[in-house]
Amino acid sequence: MSLDPSKWTNYDALSEGARGKIETMYPYLKIDQAQFQEKQSGVFLRHINTGKVEKLLEPPRPTPKGRPQMGASRSKR
């Protein structure tokens, strides 16, 4: 995991999509006590007090081509 020490940012600098997912998945997270990095490999959090780094979000997975999406295309018999 190569995280650039100069690219740690505040919560407000994350993309809107990442902030929305973090708020949904981690409502208890104290964002004022952490710094963040958003990369292609995911979103990382560094605790200010301890320096511990955690991976909060995985990158979105692309849907494989040739496989139909499940959902409205299925019919009831």
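Our subject is the structure listed above.
Now for a quick tour of the structure. (Residues numbered from 1 in each chain as written. Predicted model: local features only at pLDDT ≥ 70, side-chain atom pairs only at ≥ 80, totals over all residues. Heavy atoms only, no water.)

**Let's talk about the overall build of the chain**
- What the chain contains, in helices and strands, is one helix and three strands.
- Reading the chain from its N end, one meets helices and strands in the order α-β-β-β.
- Each of the 77 residues in the chain was classed as buried or not, and the buried ones make up 22%.
- Taking contacts inside the chain between residues at least 6 apart in sequence as the whole, the part at least 24 apart equals 37%. (Helix = DSSP H or I, 4+ residues; strand = E, 2+ residues; numbered from the N terminus. Buried < 20%, exposed > 50% of the residue type's maximum accessible area, 1.4 Å probe, protein only. Contact = heavy atoms within 4.5 Å.)

**Quick notes on the sheet that holds strand 2 (residues 42-47)**
- A sheet is described by the order of its strands in space; here three strands give the open sequence 1-2-3, paired in antiparallel fashion. Edge strands, defined here as strands with exactly one partner in the open sheet, are strand 1 (34-39) and strand 3 (53-57). Strand after strand, the sheet turns through a mean of 30° between neighbouring axes, direction not considered.
- Where strand 1 lies against strand 2, six bridges are found, and the strand directions are antiparallel. Looking at strand 2, one finds that glutamine 37 is bridged to phenylalanine 44.
- In this fold helix 1 (residues 16-25) packs onto strand 1, strand 2 and strand 3, with an angle of close to 100° to the strand it touches most, strand 3. (Pairing = 2+ DSSP bridges. Axes fitted to C-alpha atoms, helices over the stretch in contact; angles between N-to-C directions.)

**Some points on the environment of lysine 7**
- Along the chain, the position of lysine 7 falls in the segment before helix 1.
- As for lysine 7 and glutamine 35, which are separated by 28 residues in sequence, their C-alpha atoms are 9.5 Å apart.
- With residues near it in sequence (within four places) discarded, lysine 7 still touches Phe36 and Gln37.

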